[in-house]
Amino acid sequence: NNVCAHLEALANLARCHLLLGNWSAAREAAEKVLSVDDKHVKSIYAKAESLYNTCQFEQALMLFHRGMVGNPYKMHNVHINLTFKAAKNKLLPTS
């Protein structure tokens, strides 16, 4: 299917942008896929990782969790734990 191939290409592009540290470009590519298929795990993960790397921890945590529910074998618990700790520290700073 041509649409599926296009979505996979965009998801792969998002992953490439992540590897290069282009967080906003990665998020944009992932969002294009998610606008067509909101359960596309690779794109959920890419968007979550881009959000994490731009310190948007709460949103990243929600997406990491959404990806875990959708396909627990493709999501990494370590990212969820790190994001949770970062979000908790942001929301409940120690002083």
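Everything numeric here is computed off the predicted structure, so don't read it as measured data.

S.K.: In this structure, what is going on with helix H1 (residues 2–20)? I would like to understand it.
M.R.: Owing to its 3.6 residues per turn, the α-helix aligns residues three or four sequence positions apart on the same side. Given a rise of 1.5 Å per residue, 19 residues ought to cover 27 Å, and the 27 Å separating the end C-alpha atoms of H1 matches this to within 8%. Within H1, the full set of buried residues consists of Leu-7, Leu-10, Ala-11, Ala-14, His-17 and Leu-18. Within H1, the buried residues cover an arc of 115 degrees as seen down the axis, which keeps them to one side. Along H1, exposed side chains directed more than 90 degrees from the buried face belong to Asn-2, Leu-19 and Leu-20. Residues of H1 that are buried sit in contact with helix H2 (23–36) and helix H3 (41–53). Structurally, the start of H1 carries an N-cap: the backbone nitrogen of Val-3 is 2.9 Å from a side-chain oxygen of Asn-1. In the stretch just after H1, Gly-21 is the one whose phi turns positive, near 80 degrees.

S.K.: Looking at this structure, how should I read the nonpolar core?
M.R.: Counting residues in each nonpolar core, the largest one holds 8 residues, listed as Leu-34, Ile-44, Tyr-45, Ala-48, Leu-51, Ala-60, Leu-63 and Phe-64. Mapped by element, the contributors of at least two residues to this core are H3 and helix H4 (57–70). A per-element tally of this core places H3 first, with 4 residues. Among the nonpolar cores identified, the runner-up in size contains 6 residues, and Leu-18, Ala-26, Ala-29 and Ala-30 belong to it.

Criteria and cut-off values
- Residues numbered from 1 in each chain as written.
- Predicted model: local features only at pLDDT ≥ 70, side-chain atom pairs only at ≥ 80, totals over all residues.
- Heavy atoms only, no water.
- Helix = DSSP H or I, 4+ residues; strand = E, 2+ residues; numbered from the N terminus.
- Expected span 1.5 Å × (residues − 1).
- Buried < 20%, exposed > 50% of the residue type's maximum accessible area, 1.4 Å probe, protein only.
- Arc of directions from axis to C-beta.
- Contact = heavy atoms within 4.5 Å.
- Polar contact = N/O pair within 3.5 Å; in protein donor to acceptor, adjacent residues only side chain to side chain.
- Core = buried A, V, L, I, M, F, W, Y, C linked by side-chain atoms within 4.5 Å.

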